[in-house]
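Each chain, letter by letter, is given below.
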Amino acid sequence: MSEVNKGYYMSVCHRCQDETPTLRSSWFNTQMLCPACCAEEAVHPLYTHAQQVEFAKIQTGDYRFVGIGLPDDLQRKYPFK
Ligand SMILES: [Zn+2]
């Protein structure tokens, strides 16, 4: 990324606080995550469970489900600010 664009299109990851050009929502909670944090979620043992619970909630018409919550190990790694 060029110096001109630096800082212009960047957002801050809600979890690791790193700057990132792209954010995606977490499967575990309502945080918006950088690609590195998304990748970390994708290999987490509870990732598939989090997706299954969310799909099940949507099927019952519950669109306000906010996720199963951040797993303990990730909470310890990224304590809420
Ligand atoms: Zn991050």
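Small disclaimer: the values here were computed from a predicted structure and weren't measured.

A few words now on the overall build of the protein. Within the protein, the secondary structure is distributed over 3 helices and 4 strands. For the protein, the sequential pattern of α-helices and β-strands runs β-β-β-β-α-α-α. The buried share among the 81 residues of the protein stands at 14%. In the protein, 31% of the contacts between residues at least 6 apart in sequence involve partners at least 24 apart.

When you line up the elements, Glu19 lands in strand β2 (residues 19–20). On the neighbour-count criterion, Glu19 (12 C-beta atoms within 10 Å) is exposed. Measuring from C-alpha to C-alpha, the distance between Glu19 and Cys34 comes to 7.9 Å, with 15 residues separating the pair along the chain.

Not every positive phi belongs to a glycine, and Gln17 is a case in point at roughly 70°. Its location among the elements puts Gln17 in the loop between β1 (11–12) and β2. For Gln17, a count of 10 C-beta atoms within 10 Å translates into the label exposed.

This part takes up helix α2 (residues 47–59). Between its first and last C-alpha, α2 extends 19 Å over 13 residues, near the 18 Å set by a 1.5 Å rise per residue. When you tally the buried positions in α2, you get 1 out of 13 residues, a small fraction of the element.

Moving on, we come to the environment of Arg15. Tracing the backbone shows Arg15 in the loop between β1 and β2. Taking the C-alpha atoms as reference points, Arg15 and Lys77, separated by 62 residues in sequence, lie 9.4 Å from one another. If near-sequence neighbours (up to four positions away) are discounted, Arg15 is found in contact with Gln31, Leu33, Cys37 and Tyr78.

Rules of the game
- Throughout this description, residue numbers start from 1 for each chain and increase along the sequence as written.
- For this predicted model, a pLDDT threshold of at least 70 governs which residues receive local features, and a threshold of 80 or more governs which side-chain atom pairs are given and counted, while totals over whole chains, interfaces and linings are taken from all residues.
- A run of DSSP states H or I qualifies as a helix once it reaches four residues; a run of E qualifies as a strand once it reaches two. Both are numbered from the N-terminal end.
- The exposure label follows from counting other C-beta atoms within 10 Å of a residue's C-beta, where the C-beta atoms are placed from the backbone and the thresholds are 20 or more for buried and 12 or fewer for exposed, leaving partly exposed in between.
- The contact rule is simple: place each C-beta atom from the backbone, and if two of them lie within 7 Å, those residues are in contact.
- A helix is expected to span 1.5 Å multiplied by its residue count minus one.

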